[in-house]
Amino acid sequence: LVEMLKLPKGKWVRARLMPDDMLAVRRHWINILAGKDKHEVKIPKMCVSFDPKTEETKKGVKCPYCEIDCQTEVYYLANVLSRDAQDDAPAKMPKLNKEERETGFKDMSSDSWTPQRVQRLTSTLVKKLQSLKDLNKVKTKSGTKSFDISDEKYGKDISLRFDPDAKGADKYQVQLGDRAPLTEEEAEYLKWELTEELIDKQGRETPKEAAAELKRMSLVGADEVKDDEDEDEDEDDDIDV
C-alpha cells in the first residue's frame, strides 16, 4: 500500500522528516496456542476502537482485544524524504497520473517517481526525535528559538540506524544532521496518504468481526479473559493497521 523506508541492519540511513501529520496506530499483540501441537505464538491485531486523530478510544465503540490481557503498543507512520532515493532520481521523470496531479499523493500502481518513503516510528523513537528539538536552535530577530527537526524552514536531516538484535530503546539510533530547509521541488514531491483510510485498506476488523475472531482463538491464559468480551454484537465501528 505504501513504500517503506529501508533500514538495512546496522547501517545508517539519511532522511528528512516532513512537516506533515502522522498517522497514529494502536496494535495489540495476543498470545495464542496454534497448530496441532498447540505451540505458543504471538499475533498482531489492530485495536478496533482507536481514533487515530485524537489518539483516544472512539466514543461508543468497544474493542474486544482491549478486554483481554495482552501487550498493546502505539506507533506512528510518517512521510520521510529518503536522501538515498533522492540521490538516485531518474534522469527522465515518469509522468504522474491524473489522480496524483490532483491530490499530490503517490498512487502505488502508478509508474511515477518520488523519494518520499514511510517510516514506522515507535513511541521510543518518537521521544528520541522530539528530544532533538533542543539541539536545533536558531537565532531569530526575537531571540534564540528551538525548532522541530521537521520544520519546513529550520528542519534538519537525520540519520537512522536499526538493529533488530538490540534490546528495547537501543534498537533505533538517531543522529542529527545538517540543516535542510525544504526546497520548492522537495515540497512538491508526491507523498503517501497517511489517513485512517490506509488502516481500512489493510483489512481492519469491525468490533463484531473481532469478537468472533476472539472466540475462535485459543488464548494463552484463557481464564484471564474478561467475562464481558462477547457483549459487542451491536457495535459497528472499526479500525486496523
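Residues numbered from 1 in each chain as written. Predicted model: local features only at pLDDT ≥ 70, side-chain atom pairs only at ≥ 80, totals over all residues. Heavy atoms only, no water.

**Student:** Teacher, can you tell me more about the nonpolar core here?
**Tutor:** As a rule of thumb, soluble globular proteins bury nonpolar side chains together. Counting 32 residues, the largest nonpolar core has I30, L129 and I158 as the members making the most contacts within it. Sorting the residues of this core by element identifies β1 (13-17), β2 (23-34), β6 (71-82), α3 (123-131), β10 (156-162), β11 (172-179) and α6 (207-216) as the ones contributing at least two each. V2, M46, V118 and L198 belong to the second-largest nonpolar core, a separate cluster that totals eleven residues. (Core = buried A, V, L, I, M, F, W, Y, C linked by side-chain atoms within 4.5 Å. Buried < 20%, exposed > 50% of the residue type's maximum accessible area, 1.4 Å probe, protein only. Helix = DSSP H or I, 4+ residues; strand = E, 2+ residues; numbered from the N terminus.)

**Student:** Got a minute to help me understand the side chain of K45 in this structure?
**Tutor:** Inspection of the secondary structure puts K45 in strand β3 (residues 39-46). Judged by its relative accessible area of 15%, K45 is buried. At 3.5 Å, the side chain of K45 and the side chain of E213 are in polar contact. With residues up to four places along the chain from it excluded, the contact list for K45 reads R27, H28, I30, Y65, E205, E213 and M217. (Polar contact = N/O pair within 3.5 Å; in protein donor to acceptor, adjacent residues only side chain to side chain. Contact = heavy atoms within 4.5 Å.)

**Student:** When you look at the pairing of β10 in this model, what are you seeing that I'm missing?
**Tutor:** Successive residues of a regular strand alternate their side chains across the two faces of the sheet. Most of β10 sits out of view: five of its seven residues are buried. Relative to β10, β1 runs antiparallel, the two being bridged by three bridges. Looking across to β10, one finds that R14 is bridged to S159. Judged from the six bridges that link them, β10 and β11 form a sheet pairing that is antiparallel. Residue pairing across strands places K156 opposite R179, the latter belonging to β11. (Pairing = 2+ DSSP bridges.)

**Student:** When you look at the pattern of salt bridges in this model, what are you seeing that I'm missing?
**Tutor:** Opposite charge on two side chains permits them to pair, given that their charged atoms come into close proximity. In total, this model carries 16 salt bridges according to the counting rule given. Residue R216 is joined to E213 by a salt bridge in which the shortest nitrogen-to-oxygen separation is 2.8 Å. Highlighted residues: R216 and E213, both in helix α6, separated by three residues, approximately one helical turn. One salt-bridge network, held together by shared partners, links K45, E205, E213 and R216. (Salt bridge = Lys/Arg side-chain N within 4 Å of Asp/Glu carboxyl O.)

**Student:** I'm lost on a positive patch on the surface in this one. Help?
**Tutor:** Together, K92, K95, K98 and R101 make up a region of like positive charge exposed at the surface. Within the element layout of this structure, K95 appears in the loop between α1 (83-87) and α2 (98-103). (Patch = residues over 30% accessible without salt bridge, like charges linked within 9 Å, V, L, I, M, F, W, Y side chains within 5 Å. Areas by Shrake-Rupley, 256 points an atom, 1.4 Å probe, with all protein chains shown as cover. Lys, Arg positive; Asp, Glu negative; His and termini not counted. Charge placed at Lys NZ, Arg CZ, Asp CG, Glu CD.)

**Student:** Hey, could you run me through the state of the cysteines in this one?
**Tutor:** Disulfide: a covalent bond connecting the sulfur atoms of a pair of cysteines. In this structure the tally under the stated criterion is zero disulfides. With no disulfide of its own, C47 lies closest to C66 among cysteine sulfurs, the gap being 3.7 Å. Overall, the relative accessible area of 0% leaves C47 in the buried class. Looking at C66, the relative accessible area reads 32%, which means it is partly exposed. (Disulfide = S-S within 2.5 Å.)

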